[in-house]
Amino acid sequence: ETPPLEQKERYKVGFAQMESNNPWRIAETKSFHDTAESCNWDLIATDAAGSAAKQVADVDSMIAQGIDVLFLPPREEKPLIPAVMKAQAAGIPVFLVDRSVDPDVAKPGEHFVAFLGSDFIDQGERAADWLIENFEGDQGIIVELEGTTGSSPANDRKQGFDERIAQDDRFQIVASQTGDFARDLGRQVMETLLQAHPDVNVVYAHNDEMAIGAIQALELAGRKPGEDVTIVSIDGTRDALQAIIDGKMGVTVESSPFFGPLACEVMGKYAAGEEIPGWVQVEDRIFTADNAAEHIDEAY
Amino acid sequence: MTDLIEMTGIGKKFAGVIALSDANLSIRPGEVHAIIGQNGAGKSTLIKVLTGVYRRDAGDVRMAGRDLSITSAREAQDAGIATIYQELSLVPLRSVTENVIMGYEPRTRLGLIDWKAAHDRTRQILTRFGVDIDVTRPLGEYSTAIQQLVAIARAVSLKAQLVIMDEATSSLDDQEIETLFSVVRGLKQDGVAVLYISHFLDELYRICDRVTVMRDGRTVATHDVADTTKLGLVTEMLGRDAGEIQAAGLTALSGGHSDPGPVLLQATGLRTRTGLRGVDLTIRKGEILGLGGLLGSGRTETARALFGLDPLVSGQITHHSGAALDNPATAITQRIGFLTEDRKVDGIIPHLSVRENITLAILPQLRKGGAIDRAREREIADHYIKALQIKTAGMEQPIRELSGGNQQKVLLARWLALEPEILILDEPTRGVDVGAKFEIQSIIRDQVAAGLSVLLISSEFEELVEGADRIVVLQDGRSVRELHNPGLTQDALIGVIAQHQNSEVAA
Amino acid sequence: MSVTTAFDLRRHLRGGGHSAGVWAALAALILFGLLRYENFGGAYNISSFLNYNAMFIVISVGMCFVILTGGIDLSVGSVAAFTSVVAAYLSPWGIQIALPGAVMAGLAIGALNAFFVVAMRIPPFIATLATMLGAKGGALVISGAQTISIDWGSNFTKLGMGKAFDLLPWTAVITAIVVVGLWILLERTSLGRTVLAIGGGEDAAAMMGLNTRGAKAFVYMLSGGCAGLAGVFLASGFGAGQPLEGIGWELSAIASVVVGGTLLTGGLGSVGATVAGALLLGLVFNILNFENGRGVISLSAYWQMVIRGAFLLLVILLQSRLSRATQKELS
Amino acid sequence: MNAPDQGRLALDPARHGAAIALAVIVIFNLIVTPNFFQPQTLFVNISQMATIAIVAMGMTLVIATGGIDLSVGAVMALAGALAPLIFLSDFAQANPALGLIAAIGVPILIALCCGVFNGLLVSRFGVQPIVATLILFISGRGLAQVLTNGNLQTFSHPSFSYLGTGRVLGLPFQGWLVLIIAILLSWVVARSTFGRQLLAVGGNERAARLSGIPVHRVKIGAYVICAGLAGLAGLIVVAINSASDAARIGNLMELDAIAAAVVGGTLLQGGRAPIFGAILGAVIIQLVKYTLLANGIADEVALIAKAAIIIAAVYLQQARKE
Ligand SMILES: Nc1ncnc2c1ncn2[C@@H]1O[C@H](COP(=O)(O)OP(=O)(O)OP(=O)(O)O)[C@@H](O)[C@H]1O
Ligand SMILES: Nc1ncnc2c1ncn2[C@@H]1O[C@H](COP(=O)(O)OP(=O)(O)OP(=O)(O)O)[C@@H](O)[C@H]1O
Ligand SMILES: [Mg+2]
Ligand SMILES: [Mg+2]
């Protein structure tokens, strides 16, 4: 059983961010800070600079400081389990945000209250679905730009996409290399792969930053992204929506970083004693030429 | 009786330079055997072949009749050969004790180092050399002389059959040399052979039984010392005509003849953190001012203070230009040069060529719009290589490949190229062979005749007494007396030093 | 009387001068934390702090030996990541297999470093840079670029999450044993003294007949072994073999060693001061987290980086003043 | 006629080691990698290696003094974060020409200040170079992120982007930049007094000081040049991407630059500064990256291959030196 949360005027809330090296994480942290004011939180935010071990240590120091609730985007599925267990043992309800932990070891409703977030595998599948539906050529030669090697969004987005795309034999993934979720690397890798595989006509990037990098590489090489190369990506950043509007990119599957308000709401319900589902699923939208212009102002 | 060491037909090449070719050496058990030869003759290399530092290209080495194949210093030590290398091979950051007992530490029952026993043993060993210091302090805190004695103490304490000393006395004073000699005699009595390398022929007559002369990587001859004359040895070393050498005399300096010119530099009451406690001196144009004193009396420190290296705590240095000499760069702009005593640490830039080393101090003069005037640079380098007869494959050879004496000449060239007004020479002929020493001294003399002023520091009282116009005697960081040439003798200088030594004790 | 005291004090300062700064800074920071934050001195904070920092202490001490020889080991972070994966794979057999197994893996990579540096004469910076890349790649390859679950049923997790006698984390206890052992090794054995002698002058040490090659090989293997142990701590304390961990660990270990007053050129330094250095740098993080918790100011992650740099600068400057005083006397 | 300098350069064994490695990689690629023998391949590689080469040349100077500079990546981030801040400001929008000059000049100026900071720590305060530059390594990027609040700055500014995307005579602008800097710096090393002083300081600092060389100034100079070049490299990265992400610019650049310098024949203990060697090193590192990527080698295996190649290249030099 997860520890109960008493109803109070103000809560001391811990938010243990894993890293701040990309716009998505920064937007997420900002969302928590913004919510702190409206939701009457004393927010303690830490940053593990990309280290799962440090994230556990950060959670430890927040437990030592006596927080009431913990929101944790676990950097890795397994290494963060001790943090969840320790908070649980200290009587602190834990909500996992945007990534989950290994379900074989730690379970919602038992070790932590709930997981708020989307499904990375599903994101990959939806990107693949869009491609299968909208691709017009006979032969799809795909280059895949992977996220940080070994990270769970990279692994899951690859799995979801690859499995779905394998079912359609028009498509063939000729190269799949890491661009480390970064624009600059995405561009460099694309430049190289374009040389080795000049016939490529689809790029699937695990996030928008790499997709933008790929677009730049294509343009530098005199290709026309959007026309002779279809770009498929995930995240829904402002730059990506702009690229869709400009016709350079086909689709981006949303992966919203704005978890603050949802966190406030779920926590309130939990304190009130309501039943919380183990997975509070976030409805991810999908942005294409049809709706990009409507949503660009709310993007980050 | 078989020889203890028998080296025959040894050959060794370094990147094209032939260091040894067909060198032979035989050492009998319990004898004191000397090797002499000019700089670069191959003495140190021959030893390093023997002790396994270098691998020989040709030849045989036998010890007590058996083939010897040593590949590391440790094996040499275990075979009974203890060596004091020319470049001090000690670890200055570590304590005196460690430097003496390293590798042979006394252990407690648990197998851990017994530091108390180690310190005691070290003190005991050093007492034999008349050294009484805090053995727990880092060795680097002590003077070169002490370090040299520590190196010797270590080697002797290893209970070897052969002790090799490569220029062990080069930085010792007379008293310390005496101590060393008595240790050598003691070793001999115990049946330990000593291989002794030195440029001081006098020493050789005092303690050595036999001598091997080397020239250009070959052994020229081996004699019983009793059968030789100094002149004969020098002739063999240089491969020159006896008469020619006799005519030139043994030192090329001769002080006391110049008319003292105007005062160029005056120092009063110099005190530094490095141990000066009141030094006064004046340097005049065209004279050689000597600094006399025992090791540790503060001669080097005085030179460093004058060159602007060590800040003054009190006192004053007045240069005739009025410039404040507070760092080497200003001193150099005022055409003051400083040839340091430790050429490896303070002198050579090993990777740079002979040319680049020669012109290092005059770079500002060679500057032509930010660039170096290469034609002039070559001209200057070429000039000094010829003038100082520097033995090198060419001006582009890296200086580290030259022998010690030739490196010293390059450094002298560096300062002469500055066309200095005052040149500070700290042990300019230390570790330099007789021939080169003579050359260096005559170069200095010529320059002085042309108006150069020299501040000469030398532990060889002969050089000092014959060369200097005046000698300022230092004692414990203080200037205590000034002596004048002509009429100076070594005995007079030693007398002054001894007198103050005694009065110091009495006070 | 007063003369002797002054003299003794001077001697004392000269002897310990190079590490005095780190102890002073550590004491000051602890005092600051105790006075400013409640729960800072609480058992929970102390034991979790020690548990997390045990990894860094072990690595720093290994690094200290390498640096004492004038070398450097950039591979420690990757090696720890690699061995955490090894430990995770071995965890079903329990700590008695996983711990020695992972440490051996670390030793093996250390031996590779030793081979590059000693036998192939590749500069340590480059050799260990290469193994840093190689070990990271190796960790990803053997793990299939996934974190590797440990066996929660075996006694393996006890090491990283349990406490000895309900008091101190096991990791801290093991670290203490390692530190004391290495301290004795450095101070009281000829191997340790050879390590120090190499840093003070490798050629000289060799000419003295010391086995410098052996000692150099030893320090790289030791450092690898220490990183291996840190990998075990990582796997057992954080629940998984983590091929992506360890980034930047080498730099914080180097910083700890240097903050502890050890000369990067080698020859002078101590195990104790290195531990103090590692604790000091760890404490900065801990204090920043507590400061954020006070709610007065919320320092963004970026400001924390700036502050850490500034703090390092402060300690280094303090250190360099003190050690330059000793250095001067030696030159 | 004797031309001793040329002779020495040509016989330098270190350079042969790198050249051999390069030849091996090129031949391997010609055989194995599809479409390798194409002008576009050349363009891609030149533009990608340019930043490594620029930073590696600066690093070479620092290493020649016996130092090392870990802060180059952070300095790139700082400069790269500043440029868009400046040309996106109201002032620059009002005066585009002045704004562009400021957007290039100010970041480089700040980078030079970082160099002064590093140099001062190393020389005046006697802090070991690894540690001295570790300070900016840690906090420099943090500072860049504080400035931008961590945000990604994107822009479209054709004249600024010329730095990264322009072409001169068909070859990438930054490639020409590398060439110009290399010629300039090798002149400095071989012919200028500063260069000679630099080598002397790296070869034997005490002796250099005793010969009247302003050791502190020379060292500061080396760190300043290195930081300035890092700043320039930061601007190039930003210009290519039309975006500046303080968290990413120059990430791990210090390792690439050091590796390039060393593979190119620089001795870590100082005293030598083969500028063209550094470029050779950068080209090798770039080609290795390219080869592995283009042949679809997985990232983790590529890491191992890279490690092996660094060891092999350095060992080759080592073996030939003895
Ligand atoms: N490591 C080396 N590399 C290249 N050449 C060397 C090396 N060591 C010695 N030599 C050369 O070998 C020759 C013999 O040198 P060695 O040091 O044995 O002379 P030495 O008789 O000891 O002279 P000194 O009296 O000056 O010490 C010299 O020409 C020297 O330049
Ligand atoms: N016998 C000794 N015992 C203790 N310390 C000594 C001894 N000899 C020298 N020192 C230390 O070394 C310091 C400087 O010695 P150094 O040898 O440099 O003097 P020096 O007069 O320049 O001699 P030289 O130039 O002949 O080497 C002294 O101030 C002293 O502190
Ligand atoms: Mg010799
Ligand atoms: Mg002296």
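Here the structure is a predicted model, which is why all the values come from computation and not from measurement.

Conventions we followed
Residues numbered from 1 in each chain as written. Chains lettered and ligands numbered in written order. Predicted model: local features only at pLDDT ≥ 70, side-chain atom pairs only at ≥ 80, totals over all residues. Heavy atoms only, no water. Helix = DSSP H or I, 4+ residues; strand = E, 2+ residues; numbered from the N terminus. Polar contact = N/O pair within 3.5 Å; in protein donor to acceptor, adjacent residues only side chain to side chain. Contact = heavy atoms within 4.5 Å. Buried area = accessible area lost by both parts, 1.4 Å probe. Salt bridge = Lys/Arg side-chain N within 4 Å of Asp/Glu carboxyl O. Nonpolar A, V, L, I, M, F, W, Y, C, P; charged D, E, K, R; others polar. Disulfide = S-S within 2.5 Å. Buried < 20%, exposed > 50% of the residue type's maximum accessible area, 1.4 Å probe, protein only. 1 Å grid on protein atoms, 1.4 Å probe; cavity = no way out; pocket = protein on both sides within 12 Å on 5 of 7 lines; lining within 4 Å. Points joined across faces, edges and corners; volume = space filled by probe spheres on them. Donors = N, O, S within 2.8 Å, 3.2 Å for Na, K, Ca; no water. Patch = residues over 30% accessible without salt bridge, like charges linked within 9 Å, V, L, I, M, F, W, Y side chains within 5 Å. Areas by Shrake-Rupley, 256 points an atom, 1.4 Å probe, with all protein chains shown as cover. Phe/Tyr/Trp six-rings, centres within 6.5 Å; stacked < 30°, edge-to-face > 60°. Axes fitted to C-alpha atoms, helices over the stretch in contact; angles between N-to-C directions. Left-handed = near helix turned anticlockwise from the far one by under 90°. Pairing = 2+ DSSP bridges. Near = heavy atom within 4 Å. pLDDT = per-residue confidence, 0-100.

Caption draft 1: Up close: the side chain of Asp426(B). Residues and elements named next belong to chain B. Of note, Asp 426 is situated in strand 18 (residues 422–426). A distance of 2.9 Å separates a polar atom in the side chain of Asp 426 from a polar atom in the side chain of Thr 300. Asp 426 has contacts with Thr 300, Phe 338, Leu 339, Thr 340, Glu 341 and Ile 457, leaving out every residue within four places of it along the chain.

Caption draft 2: Region of interest: the interface of chain D and chain A. With 33 residues of chain D in contact, the opposing surface of chain A contributes 27 residues. Taken together, the two surfaces of chain D and chain A that pack against each other cover about 2400 Å², and 48% of this comes from carbon and sulfur. Of all residues in chain D, Asn241(D), Arg248(D) and Leu293(D) bury the most surface against chain A, accounting for 27% of the area lost on that side. For the pair chain D and chain A, the interface holds 1 salt bridge. Measuring nitrogen to oxygen at the nearest pair gives 3.2 Å for the salt bridge that ties Asp180(A) to Arg248(D). The tally of links between chain D and chain A comes to 11 residue pairs in polar contact (both at pLDDT 80 or more). Among the secondary structure elements, those contributing two or more residues to the side of chain D that touches chain A are helix 3 (39–64), helix 12 (215–241), helix 14 (275–294) and helix 15 (299–321) of chain D. Looking at the side of chain D that touches chain A residue by residue, the class counts come to 12 nonpolar, 15 polar and 6 charged.

Caption draft 3: The interface of chain D and chain C, seen in detail. On the chain C side, the residues contacting the 41 residues of chain D number 40 residues. Where chain D meets chain C, there are 0 salt bridges. For the pair chain D and chain C, the interface holds 0 residue pairs in polar contact (both at pLDDT 80 or more). Here the side of chain D that touches chain C gets 12 residues from one element, more than from any other, and that element is helix 7 (residues 129–148) of chain D.

Caption draft 4: Looking closely at the state of the cysteines. Residue and element names in this part refer to chain A. Applying the stated criterion across every chain, the model contains 1 disulfide over all chains. Here Cys 39 is linked by a disulfide to Cys 264, with a sulfur-sulfur distance of 1.9 Å. Between Cys 39 and Cys 264, the S-S dihedral sits near 85°, and the bridge is therefore right-handed. Of this pair, Cys 39 sits in the loop between helix 1 (23–38) and strand 2 (41–47) while Cys 264 sits in helix 9 (residues 260–271), and the two are 225 residues apart along the sequence. A residue is classified by how much of its surface remains accessible, and Cys 39, at 15% relative accessible area, is buried. Of the residues examined, Cys 264 reaches a relative accessible area of 21% and is grouped as partly exposed.

Caption draft 5: Geometry of empty space enclosed by the protein. Applying the stated criterion across every chain yields a total of 11 cavities of 30 Å³ or more. Of the voids in this model, the second largest cavity is the one considered here, and its volume is about 140 Å³. As for the second largest cavity, its lining consists of 17 residues, of which Gln77(B), Thr83(B), Arg154(B), Met207(C) and Met208(C) are closest to the centre. Counting residues per element, the ones that place at least two in the lining of the second largest cavity are helix 2 (73–79), strand 6 (81–84) and helix 5 (144–157) of chain B. If one sorts the elements of the lining of the second largest cavity by residue count, strand 6 of chain B sits on top with 4 residues. Its residues assigned to classes, the lining of the second largest cavity shows 12 nonpolar, 4 polar and 1 charged.

Caption draft 6: Looking closely at the coordination of the magnesium ion (ligand 4). Residue and element names in this part refer to chain B. Within the protein, Thr 300 (OG1) and Glu 341 (OE) serve as the donor atoms for the magnesium ion (ligand 4), at 1.8 to 2.6 Å. One end of the pair, Thr 300, is in helix 10 (residues 299–306); the other, Glu 341, is in the loop between strand 15 (336–339) and helix 12 (343–346), with 41 residues separating them in the sequence. Thr 300 gets classed as buried once you look at its relative accessible area, which sits at 19%. The exposure class assigned to Glu 341 is partly exposed, which follows from its relative accessible area of 25%.

Caption draft 7: Broad picture of a nonpolar patch on the surface. All names here are of chain D. Taken together, the side chains of Ile 27, Phe 28, Leu 30, Ile 31, Val 32 and Phe 37 present a nonpolar region at the surface, about 670 Å² in accessible area. Checked against the element boundaries, Phe 37 lands in the loop between helix 2 (13–32) and helix 3. The exposure class of Phe 37 is exposed, given its relative accessible area of 76%.

Caption draft 8: Structural detail: the pattern of salt bridges. Taken as a whole, this structure holds 54 salt bridges over all chains when the rule is applied. Between Glu125(A) and Arg164(A) there is a salt bridge whose closest N-O contact spans 3.4 Å. Taken as a pair, Glu125(A) in helix 4 (residues 120–134) and Arg164(A) in helix 5 (residues 152–165) lie far apart in primary sequence, 39 residues in all. Exposure remark for Arg164(A): the relative accessible area of 24% places this residue in the partly exposed category. The partner of Lys248(A) in a salt bridge is Glu219(A), and the shortest N-O contact between them spans 3.1 Å. In this pair, Lys248(A) is assigned in the loop between helix 8 (238–245) and strand 10 (251–254) and Glu219(A) in helix 7 (residues 208–220), connecting sequence segments 29 residues apart. Among the charged side chains, a network of salt bridges with common partners joins Arg355(B), Glu356(B), Glu377(B), Glu396(B) and Arg196(D).

Caption draft 9: Examining the packing of aromatic side chains more closely. Throughout the structure, instances matching the rule amount to 27 aromatic pairs over all chains. Ring geometry for Phe32(A) against Trp41(A): centres 6.1 Å apart, planes inclined by 25°, an arrangement best described as stacked. For Trp41(A), a relative accessible area of 3% corresponds to the buried category. Aromatic pair Tyr37(C) and Phe290(C): ring centres 5.7 Å apart, planes at 45°, arrangement tilted. Placement of the pair is Tyr37(C) in the loop between helix 1 (2–36) and helix 2 (43–68) and Phe290(C) in helix 12 (residues 271–293), with a sequence separation of 253 residues. Here Tyr37(C) falls in the buried class, since its relative accessible area comes to 5%. Aromatic ring contacts, followed pair by pair, group Phe15(A), Phe32(A), Trp41(A), Phe71(A), Phe95(A) and Tyr270(A) into a single cluster.

Caption draft 10: Layout of the packing of helix 6 (residues 96–123) of chain D against helix 12 of chain D. All names here are of chain D. Axis separation between helix 6 and helix 12 bottoms out at 7 Å; the angle between their running directions is 145°. When the axes of helix 6 and helix 12 are compared, the crossing they make is right-handed. Across the contact of helix 6 with helix 12, the residue classes tally to 16 nonpolar, 7 polar and 1 charged.

Caption draft 11: Region of interest: the sheet that holds strand 3 (residues 69–72) of chain A. Residues and elements named next belong to chain A. Strand order in the open sheet formed by 6 strands is 2-1-3-4-5-11, with parallel pairing between adjacent strands. Unpaired on one side and paired on the other, strand 2 and strand 11 (279–281) mark the two borders of the sheet. On average, adjacent strands in this sheet sit at an angle of 20° to one another, irrespective of strand direction. Where strand 1 (residues 11–17) meets strand 2, 7 bridges bridge the pair, whose relative direction is parallel. Among the inter-strand pairings, Ala 16 is bridged to a residue of strand 2, identified as Thr 46.

Caption draft 12: Representation of the site of ligand 1 in the model. All names here are of chain B. Looking at ligand 1, there are 19 residues lining it, with Asn 39, Gly 40, Ser 44, Thr 45 and Glu 401 nearest. Ala 41 has a polar backbone atom sitting 3.3 Å from an oxygen atom of ligand 1. Considering ligand 1 on its own, with 640 Å² of exposed area, one finds that the protein chains cover 83% of that surface. For the shell around ligand 1, the secondary-structure elements that each account for two or more residues are helix 1 (43–50) and helix 16 (404–416). Of the residues forming the shell around ligand 1, the biggest block, 3 residues, is contributed by helix 1.

Caption draft 13: Geometry of the confidence of the model for chain C. Residues and elements named next belong to chain C. On average, residues of chain C score 85 in pLDDT, and 89% of them are at 70 or above. Between residues 1–17, whose pLDDT stays under 50, and residues either more than four places distant or in other chains, the model counts 10 contacts. Every residue in residues 327–331 scores below 50 in pLDDT, and together they form 9 contacts with partners more than four places removed in sequence or on other chains. Overall fold confidence for the complex sits at a pTM of 0.85, while the interface term, ipTM, reaches 0.82.

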